[in-house]
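Structure at a glance
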Amino acid sequence: MKTLKWILGIVVVLALLFYFVGLPVLRQQTKKISPEKTAHYEEKSLTLSVTYSSPSKKGRTIFGELVPYGSVWRTGANEPTRFTTATPLSIGGQTLPAGDYSLWTIPGKEQWTIIFNSEISDWGVTILSGGSETTRKPESDALQIIVPVEILPEVVENFDISFVEDDSDKDVFMQLSWDTTRVSVPLN
């Protein structure tokens, strides 16, 4: 019985060390490879920001291989991408309340599903799955929209998220670009 308590104590100490020491070191190291970036937009009574980690293509085939089609992607590297809006938004005819959200996507060849989730998890994927399984809880999805894929003429080396205005009708879009793929999410 004493041996079991001793072993259990060691396991607890090791788990706490990993959580409080190992994970912060792991995050710091991965951000050297996929640096954290933030895009801001403040106009038209909108205050938006998105914080994400930007991995590089490095000669790899991204969509359909590194990021499988039809599977939930945490959208970037490291922690899940964080989307913040100071005011409610209309996205594809649906309302997204003001607040902080994790941004998830389901890439496809011709269209993507964009998911705004009310929970923001620590890492976004399970470590034991080697990153292939996400920690997204579908019951916490606040909004989903399907957007078409645009094929780019030139390769975008680093994953990028930006806010752009459409000059013709003054809409604001959040654009996600990587490799030769771009999707645009309408934000009104």
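Not measured: the values here are computed from a predicted model.

A word on the overall build of the chain. The helix and strand tally for the chain stands at one helix and nine strands. What you see in the chain, going N to C, is helices and strands ordered as α-β-β-β-β-β-β-β-β-β. Across the chain, contacts joining residues at least 24 apart in sequence account for 59% of those joining residues at least 6 apart. Entry remark: accessible area of the chain is about 10,500 Å², with carbon and sulfur atoms responsible for 57%.

With that settled, consider the packing of aromatic side chains. This structure, assessed with the given rule, holds ten aromatic pairs. Taking 6.2 Å as the distance between ring centres and 85° as the angle between the ring planes, the aromatic pair formed by Trp73 and Trp112 counts as edge-to-face. Placement of Trp73 in the loop between strand 2 (46-53) and strand 3 (81-85) and of Trp112 in strand 7 (residues 111-117) is noted, with a sequence separation of 39 residues between them. Trp112 sits in the buried class, given a relative accessible area of 2%. Aromatic rings pair up to connect Tyr52, Phe63, Trp73, Trp112, Phe159 and Trp178 into one cluster.

Counting 33 residues, the largest nonpolar core has Phe83, Phe116 and Met174 as the members making the most contacts within it. When contributions to this core are tallied by element, the ones reaching two or more residues are strand 1 (36-43), strand 2, strand 4 (89-91), strand 6 (99-106), strand 7, strand 8 (141-165) and strand 9 (172-187). In contact with Phe116, other than residues within four places in its own chain, are Phe83, Ile91, Leu96, Tyr101, Ser102, Leu103, Asp141, Ala142, Leu143 and Met174.

Either a parallel or an antiparallel arrangement is found when strands of a sheet pair, and the pairing is made through backbone hydrogen bonds. Strand order in the open sheet formed by seven strands is 1-2-3-6-7-8-9, with antiparallel pairing between adjacent strands. The open sheet terminates on both sides in strands that have one partner only, identified here as strand 1 and strand 9. Each adjacent strand pair in this sheet contributes to an overall mean axis angle of 30°, direction not counted. Bridge count for strand 2 against strand 3 is four bridges, and the pairing is antiparallel. Bridging across to strand 3, Val50 finds its partner in Phe83.

With that settled, consider the environment of Ser56. Relative to the helices and strands, Ser56 resides in the loop between strand 2 and strand 3. Looking at Ser56, the relative accessible area reads 15%, which means it is buried. In this view, Ser56 contacts Glu157, Asn158 and Trp178; residues no more than four positions away in its chain are not counted. Polar contacts involving the side chain of Ser56 include one to the side chain of Asn158, which spans 2.8 Å.

This part is about the pattern of salt bridges. What the rule picks out here adds up to four salt bridges. Here Lys57 makes a salt bridge to Asp179, at a shortest N to O gap of 3.3 Å. In this pair, Lys57 sits in the loop between strand 2 and strand 3 while Asp179 sits in strand 9, placing the two residues 122 residues apart along the sequence. The buried category is assigned to Lys57, whose relative accessible area is 13%. The buried category is assigned to Asp179, whose relative accessible area is 11%. Its salt-bridge partner being Asp100, residue Arg82 comes within 3.6 Å of it at the nearest N-O pair. On the criterion of sequence distance, the pair formed by Arg82 in strand 3 and Asp100 in strand 6 is long-range, its members being 18 residues apart.

Once that is clear, we can look at unusual backbone geometry. Residue Lys58 is not a glycine yet carries a positive backbone phi of 50°. By secondary structure assignment, the location of Lys58 is in the loop between strand 2 and strand 3. Here the phi dihedral of Asn78 falls at roughly 60°; this positive angle occurs in a residue that is not glycine.

Analysis parameters
Residues numbered from 1 in each chain as written. Predicted model: local features only at pLDDT ≥ 70, side-chain atom pairs only at ≥ 80, totals over all residues. Heavy atoms only, no water. Helix = DSSP H or I, 4+ residues; strand = E, 2+ residues; numbered from the N terminus. Contact = heavy atoms within 4.5 Å. Areas by Shrake-Rupley, 256 points an atom, 1.4 Å probe, with all protein chains shown as cover. Phe/Tyr/Trp six-rings, centres within 6.5 Å; stacked < 30°, edge-to-face > 60°. Buried < 20%, exposed > 50% of the residue type's maximum accessible area, 1.4 Å probe, protein only. Core = buried A, V, L, I, M, F, W, Y, C linked by side-chain atoms within 4.5 Å. Pairing = 2+ DSSP bridges. Axes fitted to C-alpha atoms, helices over the stretch in contact; angles between N-to-C directions. Polar contact = N/O pair within 3.5 Å; in protein donor to acceptor, adjacent residues only side chain to side chain. Salt bridge = Lys/Arg side-chain N within 4 Å of Asp/Glu carboxyl O.

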